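Survey of secondary and tertiary structure
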Amino acid sequence: MVVGGQDITSIIRQQIERFGAELTMVDVGTVVEVGDGIARIQGLAGARYNELLEFANGATAIALNLEEESVGAVILGEWSEIKEGDEVRCTGRIAEVPVGKALLGRVIDPLGNPLDGKGPIPTDKTRPLERVAPNVVLRQPVDTPVHTGIKAVDSMIPIGRGQRELIIGDRSTGKSAILIDTIISQKGKDLICIYVAIGQKSSKVARVVATLERHGALEHTIVVAANASEPAPLQYLAPYAGCAIGEEFMEQGLDALVAYDDLSKHAWAYRQLSLLLRRPPGREAYPGDIFYLHSRLLERAAKLAPEYGGGSLTALPVIETQAGDVAAYIPTNVISITDGQIYLETDLFNAGTRPAINVGLSVSRVGGAAQTPAMKRVAGRLRLELAQFRELAAFAQFGTADLDKATRAQLERGQRISEVLKQPQYTPMSLEQEVTILYAVINGYFDDIPVDRIASVEEHFHRFMANNHPEIGKRIAQEKDLSAETEEQLKAALEEFKQTASF
């Protein structure tokens, strides 16, 4: 083979051009043990906590245990094809999720892969799943309400933007219903919602998505789903993914709300991972850092000061109790992290009081500061009236024959207030509707209506106000207050309603 002088020149030129090209060093290790979705790898000296690792067959894992001799990694997805001796590389990337407004209306997994069959998500911006929570200097006090549309919550256990309000109760007491109603209530408003389903049945997640779509709420909602059929690592990552998506909106100066449904299953998934990674078990077999698992997640909810954008991230975590035991390990942990709790009771639910909120055990530690003046005027007396009613009801169960007229009247009003606070699912109310109906029942306008007719009379009343006196509702909605003039008009409207309505 004869090589011409021109060929030699071109070869030399290519070699000169390649000389000094940038060399990239890749940390490479070897799988020494694999099983149950966990791989133990030797040789990854430069691996970082939460770094994505890549196997020879294209599978990915997250480094969770950084030990002296090896790295313990949880494999994302199918692990059956990975075997001892396989090569593993560090990617240099920390676990991340796509973020931005392109996600609105979509259903994704914790890694940002679409699950709704609507094609790829057009966003190239990502955020790491884990991040240090904003410090005290960056925050400001909670002062703006999250309007849930649920009368009992908005009046007695108000939630503010930037707050962490726990929803706790036994299985099938309506915990998810409060989350869904709150999300539906934000339709046409400025609050972006993220619903994180952790370890839920696929059928339940599909039902939630269909419900949101039916009520026009999917447009302002992102659903992050790690279903019960998904491996534990994805269930463990799901709430952090939802939080990272919400933080992106918060840092743009927008308001976001993240609903974690539920953190009990999240704790179970983390316990499973920890035991497989051979971390020492503690109380109830949970690892020692189980408190930090939830505190580092929930502390990321905040209301930022105006000079730092003024956005907010509100967290609504859900915890499932066993037989009403709020003193168990995970419930007490999360209660101590959050700014209050809405406690749902099985007995109330079974008795037909829905939402089944136990007002005595439920509390909002900051929401009162965020409550609108109109609701404050009405709800100030509501808690007192209900507390007195419960006390009298407990006393009166031994016999009502000997009760005086005033006590009997108070008992009857308490029954009517309890009836008004009942609310069907998927029917959140506007602020003006809540204020007017609560004003009516607290001030005795419904005292002569039979208790079993209260629900239908309430429906007639809302229709009457919308048709005959829409200006009262508009003024309450605009001013967020119940001025003396508006109150007089409301009284006159109530008198007119009592005269024209037939009960």
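Above this text sits the structure in question.
One structure accompanies this document, and this report is about it. (Residues numbered from 1 in each chain as written. Predicted model: local features only at pLDDT ≥ 70, side-chain atom pairs only at ≥ 80, totals over all residues. Heavy atoms only, no water.)

1. Details of the overall build of the chain
Counted only if it meets this: The helix count covers DSSP runs of H or I at least four residues long, the strand count covers runs of E at least two residues long, and both are numbered beginning at the N terminus. Throughout, a residue-residue contact means that at least one pair of heavy atoms, one from each residue, lies within 4.5 Å. To be clear on the numbers: accessible area is Shrake-Rupley with a 1.4 Å probe, and residue cover counts the displayed protein chains and nothing else. The charged-residue count follows a simple rule in which Lys and Arg add positive charge and Asp and Glu add negative charge, with His and chain termini not counted at all. Charge coordinates come from a single atom per side chain, which is NZ of Lys, CZ of Arg, CG of Asp or CD of Glu.
Per the secondary structure count, the chain includes 16 helices and 19 strands. C-alpha atoms of the chain, sized along the principal axes, occupy 115 × 50 × 40 Å. Long-range pairs, those at least 24 residues apart, make up 73% of the contacts in the chain between residues at least 6 apart in sequence. Split by element, the accessible area of the chain, about 23,100 Å² in all, is 52% carbon and sulfur. Mean positive and mean negative side-chain charge positions of the chain (52 and 66 charges, respectively) differ by 3 Å.

2. Side note on the sheet that holds strand E1 (residues 28–35)
For clarity, the threshold we go by: Strand pairing is defined by DSSP finding a minimum of two bridges between the two strands. Only the stretch in contact is used when a helix axis is fitted, and all axes are lines through C-alpha atoms; the angle between N-to-C directions ranges over 0 to 180 degrees.
Pairing is antiparallel in the closed barrel, where six strands are placed in the order E1-E2-E5-E4-E3-E6. The mean angle between the axes of side-by-side strands here comes to 45 degrees, regardless of whether they run parallel or antiparallel. Alignment of strand E4 (residues 60–66) against strand E5 (residues 71–76), held across six bridges, turns out to be antiparallel. In the sheet register, Ile62 faces E5, and the bridge partner there is Val74. Contacting E4 and E5, helix H5 (residues 232–251) crosses the sheet at an angle of about 90 degrees to E5.

3. Some details on the packing of aromatic side chains
Heads up, the rule is: Pairing of aromatic rings covers Phe, Tyr and Trp, the last through its six-membered ring, and needs centres within 6.5 Å; plane angles under 30 degrees mean stacked, over 60 mean edge-to-face, and all others mean tilted. Distance and angle both matter: a charge sits over a ring if NZ of Lys or CZ of Arg is within 6 Å of the ring centre and within 35 degrees of the ring normal.
Counted according to the given criterion, the structure contains six aromatic pairs. When the centroid spacing of 6.2 Å and the interplanar angle of 85 degrees are considered together, the rings of Phe446 and Phe461 count as edge-to-face. Placement of the pair is Phe446 in the loop between helix H13 (431–442) and helix H14 (454–468) and Phe461 in helix H14, with a sequence separation of 15 residues. These aromatic residues form a ring-pair network of at least three members: Phe446, Phe461, Phe464 and Phe497. Sitting over the face of the ring of Tyr286, Arg271 holds its NZ or CZ atom 4.2 Å from the ring centroid. It is Arg354 that lies over the ring of Phe349; its NZ or CZ is 4.0 Å from the centre.

4. Observations concerning the environment of Ile94
The condition is simple: Categorising residues by exposure relies on relative accessible area from a 1.4 Å probe, with only protein chains included: less than 20% of the type maximum marks a residue as buried, more than 50% marks it as exposed, and the intermediate range marks it as partly exposed.
Examined against the element boundaries, Ile94 turns out to sit in strand E6 (residues 87–94). With relative accessibility at 25%, the residue Ile94 sits in the partly exposed group. Placed 140 residues apart in sequence, Ile94 and Leu234 show a C-alpha to C-alpha distance of 15 Å. In contact with Ile94, not counting residues within four places along its chain, are Arg48, Tyr49, Asn50, Glu51, Leu52 and Pro128.

5. Some words on the side chain of Asp154
As a reminder of what qualifies: Within this document, salt bridges are pairs made up of a side-chain nitrogen of Lys or Arg and a carboxyl oxygen of Asp or Glu, the two lying within 4 Å of each other. Pairs of N or O atoms within 3.5 Å make up the polar contacts considered here, provided that, within protein, one atom can donate a hydrogen while the other can accept it, and that residues adjacent in sequence are counted only when both atoms are side-chain atoms.
Within the secondary structure, Asp154 sits in helix H2 (residues 151–156). Of the side chains with opposite charge, Lys189 comes closest to the buried, unpaired Asp154, at an N-O distance of 7.7 Å. At 3.4 Å, the side chain of Asp154 forms a polar contact with the side chain of His147. Discounting residues that sit within four places of it in the chain, Asp154 has contacts with Val146, His147, Thr148, Gly149, Gln371, Met375 and Glu434.

6. Some words on helix H12 (residues 405–420)
The test is simple: A helix's residues, less one, multiplied by 1.5 Å, set its expected span.
Look at H12: 23 Å from first C-alpha to last across 16 residues, which is about the 22 Å you get at 1.5 Å a residue. Against H2, helix H11 (373–396), H13 and H14 lie the buried residues of H12. Regarding H12, its N-cap is Asp404, as a side-chain oxygen of that residue lies 3.1 Å from the backbone nitrogen of Ala406 further along.

7. Things to note about the pairing of strand E17 (residues 312–320)
With nine of nine residues buried, E17 lies mostly within the body of the structure. Every second residue of E17 is oriented toward a common face, with Ser312, Thr314, Leu316, Val318 and Glu320 on one face and Leu313, Ala315, Pro317 and Ile319 on the other, all of them buried. Two strands pair when backbone bridges link them, and strand E12 (residues 166–169) and E17 are joined in this way by three bridges, in the parallel orientation. Paired with Gly169 across the bridge in E17 is Glu320.

8. Overview of the packing of helix H15 (residues 470–479) against helix H16 (residues 484–500)
Definition in use: By the definition adopted for this analysis, an angle is roughly parallel if under 35 degrees, roughly antiparallel if over 145, roughly perpendicular if from 65 to 115, and oblique otherwise. Rotating anticlockwise by less than a right angle from the far helix to the near helix defines a left-handed crossing, while the corresponding clockwise rotation defines a right-handed one. As a working rule, the residues Ala, Val, Leu, Ile, Met, Phe, Trp, Tyr, Cys and Pro are called nonpolar, Asp, Glu, Lys and Arg charged, and the rest polar, with Gly in that last group.
At their nearest, the axes of H15 and H16 sit 10 Å apart, and the two run at 150 degrees to each other. Classified by the angle between their axes, H15 and H16 sit roughly antiparallel to one another. In this structure, H15 crosses over H16, and the sense of that crossing is left-handed. Between H15, through Ile472, Arg475, Ile476 and Glu479, and H16, the contact on the second element is made entirely by Glu485, Thr486, Gln489, Leu490 and Ala493. Looking at the contact of H15 with H16, its residues break down into four nonpolar, two polar and three charged.

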